[in-house]
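One-letter residues, chain by chain:
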Amino acid sequence: MKNVEKSKHKYTESQAYLAGGVASSLRSAMKPTPLFASKGSGPRIWDVDGNAYIDYLLGYGPLILGHAHEATTESVYAAMKRGITYGLQHEGEIEVARKLTEILPCADKVALSGSGTEAVMLALRLARAYTGKRKIVRFHGHYHGWSDTIFTAFPSSDMRQSDTTAPGSPVDQTILPGTSGQSEIALEDIILLPWNDYAALETALRDHHEDIAAVISEPVMCNSGCVLPKPGYLEQMRNLTNELSIVMILDEVITGFRLGLSGAHGKFGLKPDLVTIGKALGGGIAVSAVAGSHDIMALIENGTVSHLGTLNGNGVATAAALATIAELSKDEGAVYAKMTKNADLLVEGIRRLLAKHSLPGIINQIGPVFHMMFTQESRVEDFAAFTKRDAAKYSEFSSEMLEEGVLVRSNGLWYLSTVHGEQEIEETLAAVDRALAHL
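Residues numbered from 1 in each chain as written. Predicted model: local features only at pLDDT ≥ 70, side-chain atom pairs only at ≥ 80, totals over all residues. Heavy atoms only, no water.

A.B. asks: How do you make sense of the overall build of the protein chain when you look at a structure like this?
C.D. replies: Scanning the protein chain for helices and strands turns up 13 helices and 14 strands. Taking 22 Å as the expected radius of gyration for a compact globule of 439 residues, we find that the protein chain reaches 22 Å, a close match to that expectation. By principal-axis analysis of the C-alpha atoms, the protein chain measures approximately 60 × 55 × 50 Å. Counting over 439 residues, the protein chain shows a buried share of 53%. Residue pairs at least 24 apart in sequence account for 73% of intrachain contacts in the protein chain once pairs closer than 6 positions are excluded. Summed over all atoms, the accessible surface of the protein chain reaches about 19000 Å², with 51% contributed by carbon and sulfur. The averaged location of the 51 negative side-chain charges in the protein chain is 3 Å from the averaged location of its 39 positive side-chain charges. (Helix = DSSP H or I, 4+ residues; strand = E, 2+ residues; numbered from the N terminus. Rg over C-alpha atoms; globule rule 2.2 N^0.38 Å. Buried < 20%, exposed > 50% of the residue type's maximum accessible area, 1.4 Å probe, protein only. Contact = heavy atoms within 4.5 Å. Areas by Shrake-Rupley, 256 points an atom, 1.4 Å probe, with all protein chains shown as cover. Lys, Arg positive; Asp, Glu negative; His and termini not counted. Charge placed at Lys NZ, Arg CZ, Asp CG, Glu CD.)

This is the structure in structure tokens:
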């Protein structure tokens, strides 16, 4: 057993002052104790007990360049010496906005914000103001931040609730909140549908289009199984929303800058009305954005929609975004081919090891992100199939991997960075072999 006594002590100390002992509720799930980090470098992270781990958590996604990336760190440090934030406009905001309009196919204009949750809040507000309608269609298993008006129970209780909903009456369903303390009326404008089900989407939109302001969707259901859209599904969504004057929002907080410079909508050849981006955009520094069409973004320009935020577009955030984009853009984005190749090697190796140990499992992958799950299902192509995975067994596996010196998220989602290489892949596969032998 790894010695994590200092982490355990730090957790006890933290609980005396920090609510829950952690700064984000997700971290409390780590067993045997939430780890306390001392440093990170490249693809590895060290805890306060001196244990080193190959890191596939990557800060829950932002660290696409790995830890303490030199060019990003230098850019951020230089920006800090000029002044961290001004409350005034500065050149960095123009440069980031220009880059995003050049890179993202749907981006005529952008608005900068601090987190993915904030970006989604703004996108929904823009959609309602633009259409004059209230209701928002979202999907089982998708995550769009934790604001009151979009945060539904996740990832399983909302599916159980939907089973009690009368067919053809999505606006009459009772949506369960994601947490205690949400306003009782906050989710009244949400219509919750199964994803990858075009018939359900078409029925809901045609029956209720006069009330629906927007459809919001992850382009790939990364949080719940890394499930790809069925062929034509997103294109049909785009056609329907165009026809019925409904705003289409793609939440690319995860997929933006992870699947390619142009995001998933560029990769798939789509042009939604709005996209939200975050996580990998800042390489580890908090920054997000909404990008979209002239007509919708004009609502900010003319004052119809207020866009507020003390630290929006601050010098550190814009410096980090520019440095990250510059690194990812080198050699026409060659790092994406490298990340995907390494992810392919890792996924293929894990599949072989699952077979070797006679453990039923599935890995869904797109580029440098994949979801590993233990399941009897032959395929996981929707949220209903995802909920049948053996989550407890995977949690046990993640704890075994921690013992083997590999940090993975306990829900099964893995990220690769530009600095994961063959050595890390080989070490990880050897660790997976040992961990699976203990299950």
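A.B. asks: Sorry, what's going on with the sheet that holds strand E1 (residues 37–41) here?
C.D. replies: Strand pairing in a sheet relies on backbone hydrogen bonds, with the paired strands running either antiparallel or parallel. Taken together, the four strands give an open sheet; going across it, the order is E1-E2-E3-E13, and neighbouring strands pair in mixed fashion. Sheet topology places E1 and strand E13 (406–407) at the edges, where each strand pairs with a single neighbour. Alignment of strand E3 (residues 52–55) against E13, held across two bridges, turns out to be parallel. Bridge assignment links Asp55 to a residue of E13, and that residue is Leu407. (Pairing = 2+ DSSP bridges.)

A.B. asks: Is there a simple way to think about the pattern of salt bridges in this case?
C.D. replies: Side-chain pairs of opposite charge can arise whenever the charged atoms involved come near each other. Under the counting rule described, the total for this entry stands at 14 salt bridges. Residue Asp189 is joined to Arg134 by a salt bridge in which the shortest nitrogen-to-oxygen separation is 2.2 Å. Separated by 55 residues along the polypeptide, Asp189 in the loop between helix H5 (157–162) and strand E6 (190–193) and Arg134 in the loop between helix H4 (116–131) and strand E5 (135–139) bring together distant segments of the chain. Given a relative accessible area of 46%, Arg134 falls into the partly exposed group. Connected through salt bridges with shared partners, the residues Arg44, Glu424 and Glu427 form a single ionic network. (Salt bridge = Lys/Arg side-chain N within 4 Å of Asp/Glu carboxyl O.)

A.B. asks: How should I be thinking about the confidence of the model for the protein chain in this particular structure?
C.D. replies: A low pLDDT score tells you not to read the predicted coordinates there in detail. Confidence along the protein chain averages 94 in pLDDT terms, with 96% of residues attaining 70 or more. Taken together, the stretch residues 155–168 has pLDDT below 50 and engages in 20 contacts with residues farther than four places along the chain or on a different chain. (pLDDT = per-residue confidence, 0-100.)

A.B. asks: Whenever I open this one, the packing of helix H6 (residues 198–208) against helix H7 (residues 233–243) confuses me. Can you help?
C.D. replies: Pairs of packed helices are described in terms of their axes, by the angle between the two and the distance that separates them. At a minimum axis separation of 11 Å, H6 and H7 run at an interaxial angle of 10°. In terms of their interaxial angle, H6 and H7 are classed as roughly parallel. Here Tyr198, Leu201, Glu202, Leu205 and Arg206 of H6 come into contact with H7, specifically with Tyr233, Gln236, Met237, Leu240, Thr241 and Glu243. Of the residues in the contact of H6 with H7, the class split is six nonpolar, two polar and three charged. (Axes fitted to C-alpha atoms, helices over the stretch in contact; angles between N-to-C directions. Parallel < 35°, antiparallel > 145°, perpendicular 65-115°, else oblique. Nonpolar A, V, L, I, M, F, W, Y, C, P; charged D, E, K, R; others polar.)

A.B. asks: Help me understand the sheet that holds strand E14 (residues 413–415), please; the structure alone is not making it clear to me.
C.D. replies: Strand order in the open sheet made by the three strands is E11-E12-E14, with antiparallel pairing throughout. In the strand order of this sheet, the two ends are held by strand E11 (361–366) and E14, each with one partner. Within the sheet, the average angular offset between the axes of one strand and its neighbour, ignoring direction, is 20°. Bridge analysis of strand E12 (residues 369–374) against E14 gives three bridges, and the strand direction is antiparallel.

A.B. asks: Teacher, can you tell me more about helix H2 (residues 70–82) here?
C.D. replies: Residues spaced three or four apart along an α-helix point in a common direction, a consequence of the helix completing one turn every 3.6 residues. Between its terminal C-alpha atoms H2 stretches 19 Å, which fits the 18 Å expected from 13 residues at 1.5 Å a residue. Of all the residues in H2, the buried ones are Thr72, Val76 and Ala79. When H2 is viewed along its axis, its buried side chains cluster within an angular range of 60° and face the same direction. In this structure, H2 carries Glu70, Tyr77 and Lys81 as exposed residues pointing more than 90 degrees from its buried face. Where H2 is buried, its residues contact helix H10 (315–356). After H2 finishes, the residue Gly83 shows a positive phi value of roughly 125°. (Expected span 1.5 Å × (residues − 1). Arc of directions from axis to C-beta.)

A.B. asks: Explain the pairing of E3 here, please?
C.D. replies: For a regular strand, side chains alternate in direction, first toward one face of the sheet and then toward the other. Relative to E3, strand E2 (residues 44–47) runs antiparallel, the two sharing three bridges. Among the inter-strand pairings, Trp46 is bridged to a residue of E3, identified as Ala52. Between E2 and E3, which follow one another and run antiparallel, lie four residues, and Gly50 among them has a positive phi close to 90°.

A.B. asks: Would you mind showing me how to read the nonpolar core here?
C.D. replies: Side chains of nonpolar character tend, in soluble globular proteins, to be buried together. Within the largest apolar cluster, 52 residues are counted, with the highest numbers of intra-cluster contacts made by Leu100, Val137, Phe139, Leu201, Leu205, Met237 and Phe257. Take this core: its biggest share by element is seven residues, from H10. (Core = buried A, V, L, I, M, F, W, Y, C linked by side-chain atoms within 4.5 Å.)

A.B. asks: Even after reading the chapter, I still don't get the environment of Arg352, so can you show me in this structure?
C.D. replies: Relative to the helices and strands, Arg352 is located in helix H10. Between the C-alpha atoms of Arg352 and Gly278, which are 74 residues apart in sequence, the distance is 34 Å.

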